[in-house]
Amino acid sequence: MTQTQSAVRGGDDSSAPARGDRKDRAPRPSRSLPTWSLPYFLLLPGLAVIAALLIYPLFQMVVMSFQKVGIRQVRGAPAEFVGTDNYRQILENPLFWSSLRNTVFFAVAAVSLTLILGTLVGLLIHRLGKKMANTVIVGIIAAWAVPPVAAAIIWRWLFDAEQGIINWALNFLPDWLSQLLFGRSDWTGEPWLNDPLTIYLVLVVMVVWQSFPFVAVSVLAGLKSIPTSLYEAARVDGATPVRIFRKITFPMLKPVFAVLTVLSIIWDFKVFGQLYVLMSGPTNRDALNLSLFSFAEAFRSPPKMGTGAAIAVVLTLILLIVTLIHIRQIVKQEDDIR
Amino acid sequence: MSDLTAERLRTPGKPHQTPKHLRKGAKRTRTVARLRRVALNATGILVFLAAIFPVYWMVASAFKSNEQIFTTEFIPIPTDPTLDHLSRVFTEGVAGNSIWLYLRNSALVAVSTVLIGAVLALLAATAISRFRFRGRTSFLILLLIVQMVPAEALLIPLFLMVKRLGLFDQFLGLIVINVGLTLPFGIWMLRTFVAAVPRELEEAAWIDGAGRFTTFWRVLFPLVAPGLVATSIFSFITAWNELIFALILMTDSTRYTMPVALQFFFGQRGTDWGAIMAASTLMTLPVIVFFMLVQRRMVSGLVAGAVKG
């Protein structure tokens with residue numbers, strides 16, 4: 001029995017002889033398709049969908065970024081090649097620079113806060129009793145699960161100028177403290193969603209609220225995989241908690257943190273729906289980010305899809321760099337890929 | 001181990017008395033430990049409340065009377081619960097249709113996406129986990145790359161493609177696009193489930209003379225089914241939440257999905273917060289239930305090999 005198993009296992013790695021081996025044991029009626037082609041047939045439908053819906057449009061987008069695609073082209077006229085005009089246009093447009101700045105600053109703030117808060121909560125849950133831990137997990141998963149559109153609506157309501165609960169709570173700050181911190185004491189009627197800075201403040205709070213649970217749950221899964229003997233040894237040696245975190249927990253969780261960082265960057269760079277709902281569409285030009293700016297250019301009237309595509313190319317290039325780092329990490333960690 | 005030692009220190013020594021100064025120290029340790037436990041639990045409760053409050057506030061507002069909604073006071077629980085908002089979103093609805101229509105549209109799009117996507121993902125995942133073939137590594141890396149492509153980047157070309165194919169305002173166009181958006185991660189997630197089914201089982205069926213299809217259908221499929229469910233729920237949630245393509249491809253208000261329809265509550269004559277919270281609750285609850293079911297598997301799918309065990 002063991003013998004057979006190991007023989008089969010061995011067969012997995014070096015393909016050709018194994019297949020012959022299997023045929024010897026279970027002769028099959030010969031088919032018209034050779035065995036080697038089977039995986040390709042299984043893969044074909046999925047690959048066709050990916051090629052048609054993801055790869056071809058991606059290619060199209062790059063082509064369109066060098067073309068003029070206006071209302072006539074949308075109606076079916078052939079696109080006109082304009083060279084690098086679209087790129088020159090966006091680089092000269094101050095809105096491009098403000099949306100690039102918004103995108104980057106937002107991503108930096110949201111990613112770092114998400115990671116810090118998520119890690120702290122993960123560490124906390126790890127130290128709680130079973131019942132308490134499960135309660136906290138249920139709570140944070142509820143936050144994680146809310147559809148982004150619904151989340152944006154909820155936070156709009158919480159930050160509402162007149163009836164919002166945030167303004168109500170801020171009124172409870174002692175007047176002197178509120179004056180000192182914000183230069184005001186009466187918060188009723190404070191509109192949060194008029195000014196780019198406060199729009200992004202709300203967006204950061206909302207996105208962090210939605211994404212820290214994933215970090216916390218992943219960190220928790222990582223913590224559970226660290227052998228407890230390491231901690232016991234450290235404790236016997238009299239290490240402080242901070243030292244234990246720096247010398248054991250952090251190094252052991254490094255691969256988890258690496259993946260979480262990259263995934264968070266990718267997600268936060270292309271945040272669209274939440275910002276769209278917060279502003280009711282691309283209404284505040286100064287508060288656009290790259291994806292909303294691309295959308296606004298492409299679907300305004302008259303449409304400027306070529307310019308929109310050029311902005312999307314810039315965003316995709318940024319994400320591609322981050323993605324390549326991510327892929328390197330995964331290829332390093334998963335033996336299954338090679 | 002260390003707990004045991006601590007326990008032994010704590011229990012007043014029966015066989016031989018612990019020296020007095022040691023007992024005092026143990027008492028202090030015990031108080032510190034209890035204080036620490038209280039502090040930890042308090043923080044846990046705080047995190048729980050902070051995370052769940054916005055969700056609770058949505059549900060609570062959906063059942064509050066307008067008097068309790070449009071006030072500058074803080075009313076923690078709806079003391080005069082009403083179903084007015086809920087019935088209003090069903091009867092009056094928004095953008096000229098009952099919310100029921102949008103829920104149905106969303107469900108139609110999401111379920112179709114899941115059904116088509118599940119078949120494609122299962123075939124591709126079987127190919128990846130059961131065969132070593134030329135191009136396998138390239139395919140896996142391709143999957144990772146296309147997963148990261150922002151939907152906004154595909155929006156413009158896909159919009160033109162859908163328009164040229166005459167699929168504008170058709171559910172089919174939206175469904176196909178959702179399949180494309182969910183497939184890479186679906187395959188990526190499902191592949192680990194297929195790989196987890198011991199190959200020996202298939203070998204055994206093989207030896208018993210079962211054909212390739214029978215082996216797949218009677219042996220592999222039932223064992224992969226839980227993974228298929230998890231992957232399907234993930235796709236369902238993604239399609240259910242999708243905003244940007246539905247926004248662009250559906251201009252006929254009878255074809256709106258939930259995320260698009262929700263936008264129409266804003267504007268006009270002020271915002272009807274009761275109605276919008278009722279509608280948001282309807283959209284959110286199924287997702288929360290599904291999420292609780294598959295959360296663990298989503299984590300393992302996303303952080304891949306970074307978490308072992």
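Reading guide: rules and limits
- Residues numbered from 1 in each chain as written.
- Chains lettered and ligands numbered in written order.
- Predicted model: local features only at pLDDT ≥ 70, side-chain atom pairs only at ≥ 80, totals over all residues.
- Heavy atoms only, no water.
- Helix = DSSP H or I, 4+ residues; strand = E, 2+ residues; numbered from the N terminus.
- Buried < 20%, exposed > 50% of the residue type's maximum accessible area, 1.4 Å probe, protein only.
- Contact = heavy atoms within 4.5 Å.
- Areas by Shrake-Rupley, 256 points an atom, 1.4 Å probe, with all protein chains shown as cover.
- Core = buried A, V, L, I, M, F, W, Y, C linked by side-chain atoms within 4.5 Å.
- Patch = residues over 30% accessible without salt bridge, like charges linked within 9 Å, V, L, I, M, F, W, Y side chains within 5 Å.
- Salt bridge = Lys/Arg side-chain N within 4 Å of Asp/Glu carboxyl O.
- pLDDT = per-residue confidence, 0-100.
- Axes fitted to C-alpha atoms, helices over the stretch in contact; angles between N-to-C directions.
- Parallel < 35°, antiparallel > 145°, perpendicular 65-115°, else oblique.
- Left-handed = near helix turned anticlockwise from the far one by under 90°.
- Nonpolar A, V, L, I, M, F, W, Y, C, P; charged D, E, K, R; others polar.
- Buried area = accessible area lost by both parts, 1.4 Å probe.
- Polar contact = N/O pair within 3.5 Å; in protein donor to acceptor, adjacent residues only side chain to side chain.
- Phe/Tyr/Trp six-rings, centres within 6.5 Å; stacked < 30°, edge-to-face > 60°.
- Lys NZ or Arg CZ within 6 Å of the ring centre and 35° of its normal.

1. Brief notes about the overall build of chain B
Moving on, step 1. Along the backbone of chain B there are 13 helices and 0 strands.
Moving on, step 2. In sequence order, the secondary structure elements of chain B are arranged as α-α-α-α-α-α-α-α-α-α-α-α-α.
Moving on, step 3. Considering chain B as a whole, with its 309 residues, one finds that 52% of them fall into the buried category.

2. Here we look at the overall build of chain A
Moving on, step 1. Helix and strand counts for chain A come out as 16 helices and 2 strands.
Moving on, step 2. A separation of at least 24 residues holds for 63% of the contacts in chain A among residues at least 6 apart in sequence.
Moving on, step 3. Summed over its atoms, the accessible surface of chain A is roughly 16,400 Å², and 64% of this surface lies on carbon and sulfur atoms.

3. Comments concerning the nonpolar core
Moving on, step 1. Judged by nonpolar contacts, the single largest core of 198 residues is most densely connected at Ile140, Ile153 and Met305 of chain A together with Ile187, Phe245 and Phe265 of chain B.
Moving on, step 2. Discounting residues that sit within four places of it in the chain, isoleucine 140 of chain A has contacts with Val121, Ile125, Phe212, Pro213, Ala216 and Val217 of chain A together with Val47 and Ala51 of chain B.

4. Comments concerning a nonpolar patch on the surface
Residues and elements named next belong to chain A.
Moving on, step 1. A grouping of Trp176, Leu180, Leu181 and Phe182 is seen on the molecular surface, where their side chains present a nonpolar patch of about 520 Å² in accessible area.
Moving on, step 2. Looking at the element boundaries, leucine 181 is found in helix α10 (residues 175-182).
Moving on, step 3. Take leucine 181: its relative accessible area is 54%, and that puts it in the exposed class.

5. Structural notes on the confidence of the model for chain A
Moving on, step 1. A residue-level look at chain A finds 89% of positions with pLDDT of 70 or above and a mean pLDDT of 85.
Moving on, step 2. A low-confidence stretch, residues 1-27 of chain A (pLDDT under 50), is modelled with 17 contacts involving residues beyond four sequence positions or located in other chains.

6. Things to note about unusual backbone geometry
Moving on, step 1. Omega for the bond connecting serine 301 of chain A with proline 302 of chain A falls within 30 degrees of zero, at 0 degrees, which places this linkage in the cis form.
Moving on, step 2. Secondary-structure assignment places proline 302 of chain A in the loop between α15 (290-298) and α16 (305-333).
Moving on, step 3. Phi at serine 280 of chain A takes a positive value of approximately 55 degrees, unusual for a residue other than glycine.
Moving on, step 4. Following the sequence through the fold, serine 280 of chain A ends up in the loop between α14 (273-279) and α15.
Moving on, step 5. Backbone geometry at alanine 95 of chain B places phi at a positive 55 degrees, although glycine is not the residue there.

7. Some remarks on the confidence of the model for chain B
Moving on, step 1. Summarising the model, chain B shows a mean pLDDT of 86, and 87% of its residues fall at 70 or more.
Moving on, step 2. Segment residues 1-14 of chain B: pLDDT under 50, and 5 contacts once partners within four positions in sequence are set aside and those in other chains are kept.

8. Here we look at the packing of helix α5 (residues 99-130) of chain B against helix α10 (residues 212-241) of chain B
Residue and element names in this part refer to chain B.
Moving on, step 1. The geometry of α5 relative to α10 is characterised by a closest axis approach of 8 Å and an angle of 135 degrees between their N-to-C directions. With respect to α10, the axis of α5 lies oblique. In this structure, α5 crosses over α10, and the sense of that crossing is right-handed. Along its contact with α5, which presents Leu103, Ser106, Ala107, Ala110, Val111, Thr113, Val114, Ala118, Leu122, Thr126 and Arg130, the element α10 presents Phe216, Leu220, Phe221, Val224, Leu228, Ser232, Ser235, Phe236, Ala239 and Trp240.
Moving on, step 2. For the contact of α5 with α10, the residue count by class is 15 nonpolar, 5 polar and 1 charged.

9. Things to note about the packing of helix α5 (residues 85-92) of chain A against helix α6 (residues 94-127) of chain A
Axes are the key here: two packed helices are described by the angle between their axes and the distance separating the axes.
All names here are of chain A.
Moving on, step 1. The contact between α5 and α6 brings their axes to 4 Å, and the two run at 70 degrees. Taken together, the axes of α5 and α6 lie roughly perpendicular to each other. Along its contact with α5, which presents Ile90, Leu91 and Glu92, the element α6 presents Pro94, Phe96 and Trp97.

10. A word on the pattern of salt bridges
Moving on, step 1. Counted by the stated rule, this structure contains 5 salt bridges over all chains.
Moving on, step 2. Here the salt bridges do not stand alone but share partners, grouping Glu297, Arg300 and Lys304 of chain A into one network.

11. Observations concerning the interface of chain B and chain A
Moving on, step 1. Tallying the contact residues gives 108 residues for chain B and 112 residues for chain A.
Moving on, step 2. Between chain B and chain A, the buried area comes to about 9,700 Å², and carbon and sulfur atoms account for 77% of it.
Moving on, step 3. Applying the counting rule to chain B against chain A returns 0 salt bridges.
Moving on, step 4. The tally of links from chain B across to chain A stands at 4 residue pairs in polar contact (both at pLDDT 80 or more).
Moving on, step 5. Broken down by element, the residue count for the side of chain B that touches chain A peaks at 17 residues, all from helix α2 (residues 20-62) of chain B.
Moving on, step 6. Split into classes, the residues belonging to the side of chain B that touches chain A amount to 76 nonpolar, 18 polar and 14 charged.

12. Regarding the environment of proline 184 of chain B
Moving on, step 1. Within the secondary structure, proline 184 of chain B sits in helix α8 (residues 171-196).
Moving on, step 2. Sequence separation between proline 184 of chain B and leucine 201 of chain B is 17 residues, and the spatial gap between their C-alpha atoms is 28 Å.
Moving on, step 3. Among residues more than four places away in sequence, those in contact with proline 184 of chain B are Ile50 and Leu54 of chain A together with Leu143, Val146 and Gln147 of chain B.

13. Observations regarding the packing of aromatic side chains
Moving on, step 1. Enumeration over the complete set of coordinates arrives at 34 aromatic pairs over all chains.
Moving on, step 2. Ring plane angle 5 degrees and centroid distance 6.0 Å describe the contact between tryptophan 187 of chain A and tryptophan 192 of chain A, whose orientation is recorded as stacked. Residues tryptophan 187 of chain A and tryptophan 192 of chain A agree in their burial class; the two are buried.
Moving on, step 3. Judged by centre distance (5.7 Å) and plane angle (25 degrees), the rings of phenylalanine 272 of chain A and tyrosine 276 of chain A are stacked.
Moving on, step 4. On the accessibility criterion, phenylalanine 272 of chain A (4% relative accessible area) is buried.
Moving on, step 5. When its relative accessible area of 12% is taken as the criterion, tyrosine 276 of chain A is described as buried.
Moving on, step 6. Members of the aromatic cluster, connected to one another through ring pairs, are Trp168 and Phe172 of chain A together with Phe53, Tyr56, Trp57 and Phe74 of chain B.
Moving on, step 7. When the ring centre of phenylalanine 168 of chain B is taken as origin, the NZ or CZ atom of lysine 163 of chain B, which lies over that ring, is 4.7 Å away.

14. Let's talk about the side chain of serine 129 of chain B
Residue and element names in this part refer to chain B.
Moving on, step 1. Residue position: serine 129 is located in helix α5.
Moving on, step 2. Reaching out from serine 129, the side chain makes a polar contact with the backbone oxygen of alanine 125 at a distance of 2.8 Å.
Moving on, step 3. In this structure serine 129 touches Arg191, Val194, Ala195 and Arg199, once residues within four positions along its chain are discounted.

15. Brief notes about the side chain of histidine 85 of chain B
Residue and element names in this part refer to chain B.
Moving on, step 1. Looking at where histidine 85 falls in the secondary structure, it is placed in helix α4 (residues 84-91).
Moving on, step 2. The buried category is assigned to histidine 85, whose relative accessible area is 2%.
Moving on, step 3. Of the polar contacts made by the side chain of histidine 85, one reaches the backbone oxygen of lysine 64; its length is 2.6 Å.
Moving on, step 4. Beyond its immediate sequence surroundings of up to four residues, histidine 85 is in contact with Ser61, Ala62, Lys64, Ser65, Asn66, Ile69, Gly274, Ala275 and Ala278.

16. Notes on the environment of alanine 234 of chain A
Residues and elements named next belong to chain A.
Moving on, step 1. Topologically, alanine 234 is positioned in helix α12 (residues 228-236).
Moving on, step 2. When its relative accessible area of 11% is taken as the criterion, alanine 234 is described as buried.
Moving on, step 3. On a C-alpha basis, the gap between alanine 234 and isoleucine 248 in space is 8.6 Å, while along the polypeptide they are 14 residues apart.
Moving on, step 4. Aside from chain neighbours lying at most four places away, what touches alanine 234 is Ala239, Ile244 and Ile248.

17. Some points on the environment of serine 87 of chain B
Moving on, step 1. With respect to the secondary-structure elements, serine 87 of chain B resides in helix α4.
Moving on, step 2. C-alpha separation for the pair serine 87 of chain B and alanine 278 of chain B, spaced 191 residues apart in sequence, amounts to 9.1 Å.

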